[in-house]
Amino acid sequence: MAQITEICWHGRAGQGAKTAALMLAEAGLKEGKYIQGFPEYGPEREGAPIRAYTRMSTQPIRRHCQVTSPAAVVVLDDSLLDVVDVTAGLLDKGFILVNTTKSSEEIGKKVGWKKSQVYAVNATGISLDILKRNLPNMPMLGALVAATQLIKLDTLMDSIKKKFEKKFGSQIVEGNIKAIKKAYEEVESQ
Amino acid sequence: MEKVMAFTGDEIAAEAMRQINPDVLAAYPITPQTETVQKFSEFVAEGRVSTDMIRVESEHSAMSACVGAAAAGARAMTATSANGLALMWEIIYIAASYRLPIVMPVVNRALSGPINIHCDHSDSMGARDSGWIQLYSENCQEVYDNLIQALPIGEDRNVLLPVMVCFDGFIISHGTEGVAVLEDKVARNFIGEFKNIHSLLDIDNPVTYGPLDLFDYYFEHKRQQVEAMEKAPEVVKKVGKQFGELTGRFYGLLEDYHLQDADLVVIAAGSTAGTVKATVDELREEGVRAGLLKIRTFRPFPQKEIIQKLSKAKAVAVMDRSASFGAIGGPIFLEVRSALFEEQKKPLVISYIYGLGGRDTGINQIKQVYHDLAKAAQSGKVSQLVNYLGVRE
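Remember, it's a predicted structure, so these values are computed and weren't measured experimentally.

**Quick notes on the overall build of chain B**
Turning to step 1, where the next piece is worked out: Broken down by element type, chain B carries 13 helices and 15 strands.
Turning to step 2, where the next piece is worked out: Relative to its length of 393 residues, chain B is compact, with a C-alpha radius of gyration of 21 Å against a globular reference of 21 Å.
Turning to step 3, where the next piece is worked out: Taking all 393 residues of chain B together, the buried fraction comes to 58%.

**Quick notes on the interface of chain B and chain A**
Turning to step 1, where the next piece is worked out: On the chain A side, the residues contacting the 30 residues of chain B number 17 residues.
Turning to step 2, where the next piece is worked out: Buried area between chain B and chain A, summed over both chains or domains, comes out near 1900 Å², and the portion from carbon and sulfur atoms is 58%.
Turning to step 3, where the next piece is worked out: When the buried area of chain B at its contact with chain A is split by residue, H174(B), T176(B) and D360(B) rank highest and sum to 25% of it.
Turning to step 4, where the next piece is worked out: Inspection of the chain B/chain A interface yields two salt bridges.
Turning to step 5, where the next piece is worked out: The closest approach of N and O atoms between R62(A) and D281(B), which form a salt bridge, is 3.9 Å.
Turning to step 6, where the next piece is worked out: Taken together, the connections running from chain B to chain A amount to seven residue pairs in polar contact (both at pLDDT 80 or more).
Turning to step 7, where the next piece is worked out: Counting residues per element, the ones that place at least two in the side of chain B that touches chain A are strand 1 (3-8), strand 8 (176-181) and helix 10 (272-285) of chain B.
Turning to step 8, where the next piece is worked out: For the side of chain B that touches chain A, the element with the most residues is helix 10 of chain B, which contributes seven residues.
Turning to step 9, where the next piece is worked out: In the side of chain B that touches chain A, the residues fall into ten nonpolar, twelve polar and eight charged.

**Describing unusual backbone geometry**
Turning to step 1, where the next piece is worked out: Residue P32(B) is reached from T31(B) by a cis peptide bond, and omega for that bond is -5°.
Turning to step 2, where the next piece is worked out: In this structure, P32(B) sits in the loop between strand 2 (24-27) and helix 2 (34-45).
Turning to step 3, where the next piece is worked out: Here the bond from G113(B) into P114(B) is cis, since omega is -5°, no more than 30 degrees from zero.
Turning to step 4, where the next piece is worked out: With respect to the element layout, P114(B) can be found in the loop between strand 5 (103-108) and helix 6 (122-126).
Turning to step 5, where the next piece is worked out: The phi dihedral of K132(A) falls on the positive side, at around 60°, and the residue is not glycine.

**A closer look at the packing of aromatic side chains**
All names here are of chain B.
Turning to step 1, where the next piece is worked out: Taken as a whole, this structure holds eight aromatic pairs over all chains when the rule is applied.
Turning to step 2, where the next piece is worked out: Between F190 and F243, the ring centres sit 5.5 Å apart and the planes meet at 75°, which makes this aromatic pair edge-to-face. With F190 in helix 8 (residues 184-191) and F243 in helix 9 (residues 218-247), this pair connects stretches of sequence that are 53 residues apart.
Turning to step 3, where the next piece is worked out: Residues F298 and F301 carry aromatic rings whose centres are separated by 5.8 Å and whose planes lie at 85° to one another, so their mutual orientation is edge-to-face. You'll find F298 and F301 in the same group, each marked buried.
Turning to step 4, where the next piece is worked out: Ring pairs connect the aromatic residues F190, F243 and Y251, which therefore count as one cluster.

Cut-off values and rules
- Residues numbered from 1 in each chain as written.
- Chains lettered and ligands numbered in written order.
- Predicted model: local features only at pLDDT ≥ 70, side-chain atom pairs only at ≥ 80, totals over all residues.
- Heavy atoms only, no water.
- Helix = DSSP H or I, 4+ residues; strand = E, 2+ residues; numbered from the N terminus.
- Rg over C-alpha atoms; globule rule 2.2 N^0.38 Å.
- Buried < 20%, exposed > 50% of the residue type's maximum accessible area, 1.4 Å probe, protein only.
- Contact = heavy atoms within 4.5 Å.
- Buried area = accessible area lost by both parts, 1.4 Å probe.
- Salt bridge = Lys/Arg side-chain N within 4 Å of Asp/Glu carboxyl O.
- Polar contact = N/O pair within 3.5 Å; in protein donor to acceptor, adjacent residues only side chain to side chain.
- Nonpolar A, V, L, I, M, F, W, Y, C, P; charged D, E, K, R; others polar.
- Phe/Tyr/Trp six-rings, centres within 6.5 Å; stacked < 30°, edge-to-face > 60°.

What follows is the structure in structure tokens.
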């Protein structure tokens, strides 16, 4: 049976968890993979914890249920670690990526996950630095691609350019690309 | 010829509607249908369609505007969900009885109350006696394929009935998948032109729509409506075959998955049919003879085909994403069980109500259903006729 890679995104509404989950799926499609990207909406208000999921496979994906055993968990806001059991169902060999100013040791200790499978990225810092706004989803996409090598970084950047250039202009898109690269390099060096 | 691109269910519904380019679109926003009409309104603003878009103040008016436009001879569309469909109620019966082939995406959502924006089929299942054809879609690809096929089905001279293309709220409407899309001119050629042969605006051949029709002719008109629905299955199959010849994706009234030698069969409609397929894959690896029978058309109900498809099954679970209060089991279950009544040799049939208000239904739960079926098949007895999958009792 074909393996499906499943990723769970945790964020607060407004941080772009859904956009990131769908964007990753779209980029996967560009590499000829079968994909799903979908959100799980609760109460629709800014700041509420939300989840979104990405599935990717070399075979058709038929299931339409929640992801319960992800290979990777991405947390866009480290305050969620106090309210959501982010490692629930995470595969033994799976890893967790957190947007935080803390170290991977500290995060590993907090969530009870092996240090070697925890990546701590200051995506908010990267975003504020480059985009002058707190939009952690794009750098976290770069971080995830670095950690999983699920798709090529170039494919991700191309998809983002194609999707957003018309809507937001090349300046904003270039900023996002820079932020993605920065986070990608940070994870690669960890 | 086709291009595979990423779309959510709502986006691909809008994309299909762009290709259809209806003369009139009258709609009112409701979650989770909103993005379909939002996206379509962008096409209107960009001049990519020539549709006359009517922003109405309610769904009752949306369907009324569609009825008026279609009676005048236009191709008319709208889209809705849940309470929006409920507010159209009066007019959906009228659309069907005037034999107006309006096509409407229904993004399935639970009816209030308590208020809930997530998926179940209580909205469209409630409309099952309204006289509309209902096509259920498993994924984003089927949303597209069903919408493109809905027009030649509904507009066929032997049918002339409105069509709901149903897909699951959020699960499909807000989920991105890869969808193969036809070139515009190929899609438009497949859909064809619509010519209302009884246009209200044809003053040389005057007709009337909706006059008083009492005990003298009302019954005959209803009988004709029944007749139109009885002719629909052949047209659904014909269009599904033509679509298959064009795209390689063939459609009928039902779809089966590992059914040929299956002892244990689950019947489902909508996105969960996909999850059942994934479950069947896992069970087959364990040596369980599991299969799926997917309902594509609930209206017209494919009785003959269901009997034939279930002829070898030992035990069958019918999964309904809606409750029918006071009835014995869900609506699909009731009709499947009734269809088998005359058969000498028939499987045991069990009802499962699942996923109300968007409650997630995963592979482990569906495995439990197959497990129950195996027990029933072995003992020859159904221990619990109506079951509620994944509810806290």
